[in-house]
Amino acid sequence: MNRFVSIEELEARLNEIEIAPHETGTVELIVCRPATNERFELNSAELSVDDGLVGDNWKHRDESYDEQGLNPDTQLTLINARLMAAIEADKGRWKLAGDQFYVDFDLSEKNTPPGTRLQIGSAIIEVTEEPHLACGKFAARFGKDAARLVNSTRGKKLNLRGINAKVILPGVVPAGTCISKLKA
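A few points on the structure.

**Concerning the sheet that holds strand E3 (residues 44-48)**
Part 1 of the argument: Strand order across the open sheet formed by 3 strands is E4-E3-E12, with antiparallel pairing between neighbours. Because the sheet does not close on itself, it has two edges, and the strands there are strand E4 (52-53) and strand E12 (171-174).
Part 2 of the argument: Bridge count for E3 against E4 is 2 bridges, and the pairing is antiparallel. Looking at E4, one finds that Leu47 is bridged to Leu53.

In structure tokens form, the structure reads like this:
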């Protein structure tokens, strides 16, 4: 049985998460979701303006649609790798969070507000306003305390559950490559 990290342990690790790089970081893990509840790690990903991460099922997921139809603001999800390391020691389980890019980079509201453009590999993406919060699946996989932390007021300001983004310029993203904030 998996042991979940307590809220006290998580709060004690927040300082480590908050000192993630602000300008240039690293893509630690790339995950493709070809079908519901299927995930596999990629050594490299192709990003497309129309499809997001090529091979991912983003276009076919219920949460990809809003009242107007397909919502491109939810093409990609990024989460802080330091947060994942704090809530799950087994890196092989990180992909259960359901995100595509696990980055050692400050994704806080202050550092990456909506509209921020990031270069990730040879692609350029833009942070969108669409909120990214922990759901019941996240709580079941990583514990209620982890979900409570990422959905807390402080967790939301730090975007601990991650951010949504859309592709602006297609390109290739190798695992281990840089992610960097572009100047406005």
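**Side note on the pairing of strand E8 (residues 101-104)**
Part 1 of the argument: In E8, alternate side chains face the same way, and those of Phe101 and Val103 on one face and Tyr102 and Asp104 on the other are all buried.
Part 2 of the argument: Sheet analysis places strand E1 (residues 24-32) next to E8, joined by 4 bridges and oriented antiparallel. By the bridge assignment for E8, Ile30 is matched with Phe101.
Part 3 of the argument: Two strands pair when backbone bridges link them, and strand E7 (residues 76-80) and E8 are joined in this way by 3 bridges, in the parallel orientation. Bridge assignment links Asn80 to a residue of E8, and that residue is Val103.

**Quick look at the packing of aromatic side chains**
Part 1 of the argument: Taken as a whole, this structure holds 2 aromatic pairs when the rule is applied.
Part 2 of the argument: Between Phe138 and Phe142, the ring centres sit 5.2 Å apart and the planes meet at 50°, which makes this aromatic pair tilted. Residue Phe138 and its partner Phe142 are both found in helix H4 (residues 136-142); the two are separated by 4 residues, about one turn of the helix.
Part 3 of the argument: The exposure class of Phe138 is buried, given its relative accessible area of 3%.
Part 4 of the argument: The class of Phe142 is buried, set by a relative accessible area of 1%.

Each value, and the rule that gives it
Residues numbered from 1 in each chain as written. Predicted model: local features only at pLDDT ≥ 70, side-chain atom pairs only at ≥ 80, totals over all residues. Heavy atoms only, no water. Pairing = 2+ DSSP bridges. Helix = DSSP H or I, 4+ residues; strand = E, 2+ residues; numbered from the N terminus. Buried < 20%, exposed > 50% of the residue type's maximum accessible area, 1.4 Å probe, protein only. Phe/Tyr/Trp six-rings, centres within 6.5 Å; stacked < 30°, edge-to-face > 60°.

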